[in-house]
Amino acid sequence: MNLKNITVTEINNVLTVYSEKGKHDSMHDRKFYGLSFCEQGSITYIQNGREYNSDKSCAVILPKGGNYLIRRNKTGNFPVINFDCLESLCDEITVIPVDNTDELISDYERMKRLLYFEGSRAQIFSIFYEILHKLSTDKIQPVLIRAMHIIKNDYCDISLTNAKLATECNISEVYFRKLFTKHFGISPKQFIIDIRIQAAKKLLSEGALSISLISEKCGFSNQYHFCKLFKKHTNFTPSEYRKKNMIHKI
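Residues numbered from 1 in each chain as written. Predicted model: local features only at pLDDT ≥ 70, side-chain atom pairs only at ≥ 80, totals over all residues. Heavy atoms only, no water.

A.B. asks: Help me out: how do you make sense of the overall build of the protein chain in this one?
C.D. replies: The helix and strand tally for the protein chain stands at 9 helices and 8 strands. Whereas a compact globule of 250 residues would reach a radius of gyration of roughly 18 Å, the protein chain reaches 20 Å, a difference of no more than 12%. Overall, the protein chain is about 60 × 50 × 40 Å in size when its C-alpha atoms are taken along their principal axes. Taking all contacts inside the protein chain whose residues are at least 6 apart in sequence as the whole, residues at least 24 apart take part in 76%. Positive and negative side-chain charges in the protein chain, numbering 35 and 27 respectively, have mean positions lying 5 Å apart. (Helix = DSSP H or I, 4+ residues; strand = E, 2+ residues; numbered from the N terminus. Rg over C-alpha atoms; globule rule 2.2 N^0.38 Å. Contact = heavy atoms within 4.5 Å. Lys, Arg positive; Asp, Glu negative; His and termini not counted. Charge placed at Lys NZ, Arg CZ, Asp CG, Glu CD.)

As structure tokens, then:
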């Protein structure tokens, strides 16, 4: 996600959400994108069967139009900036590891004061762009750049595993998995599955190949495994998705 080049059109509100341990909530059709931090406490977002943890080690982008559940693990405060932009930013929750959450929360408090005392729109937007810039300049280690290059080129290879990626990157599998998950907020295995699902969606929409061949071309071990994972991630079987999203060429 490239936060540097987005065009913010609206900052709807800036608020701190108090989260009480043990409570559960749900969000349906979120009206704006949300950028959330954690002052203290811990919550887990659950979207499409996947869990995303929010604590002081990260920031979280919440998708506009998104549906998800919220499980409150530890009591605390979660600053949230609700905004809109010209670009389609994301349709799934995105976790961004950060080194200094306190600095970002300080920027958030500046925005909040300006909004409360009717500060200028230019000042408020300027601070928000600063926050986005700080999040987008989190440095990615060269070993992860290599791993991402391999995944994007070889995701269709059924033998692509954590062990193979770690070997290619010349680090241990345990350290590779930990490093990847910390930086991207998702395990390398799950990231590979997501890439494969996206590729399968494109091929299903084009309609030229059989489901069995799509399964093979996208790196799934067999058609049953493909159909099971596809249903889990999209709530549709491959056949249902194809019928709903077929591109009709004239």
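Resuming the write-up.
A.B. asks: How do you make sense of the packing of aromatic side chains when you look at a structure like this?
C.D. replies: The description of an aromatic ring pair uses the distance of the two centres, along with the angle that the planes make with each other. A full pass over the atoms with the stated rule returns 8 aromatic pairs. Note on Phe176 and Phe180: the rings are 5.9 Å apart at their centroids and 55 degrees apart in plane angle, and the pair reads as tilted. Of the two residues, Phe176 and Phe180 are both situated in helix H5 (residues 173–184); the distance of 4 residues between them amounts to about one turn of the helix. On the basis of relative accessibility, which here comes to 0%, the residue Phe176 falls in the buried class. Exposure remark for Phe180: the relative accessible area of 0% places this residue in the buried category. Measuring from centroid to centroid gives 4.9 Å for Phe220 and Phe226, while their planes differ by 45 degrees, and the two rings are tilted. Accessibility assignment for this pair places Phe220 and Phe226 in one class, buried. (Phe/Tyr/Trp six-rings, centres within 6.5 Å; stacked < 30°, edge-to-face > 60°. Buried < 20%, exposed > 50% of the residue type's maximum accessible area, 1.4 Å probe, protein only.)

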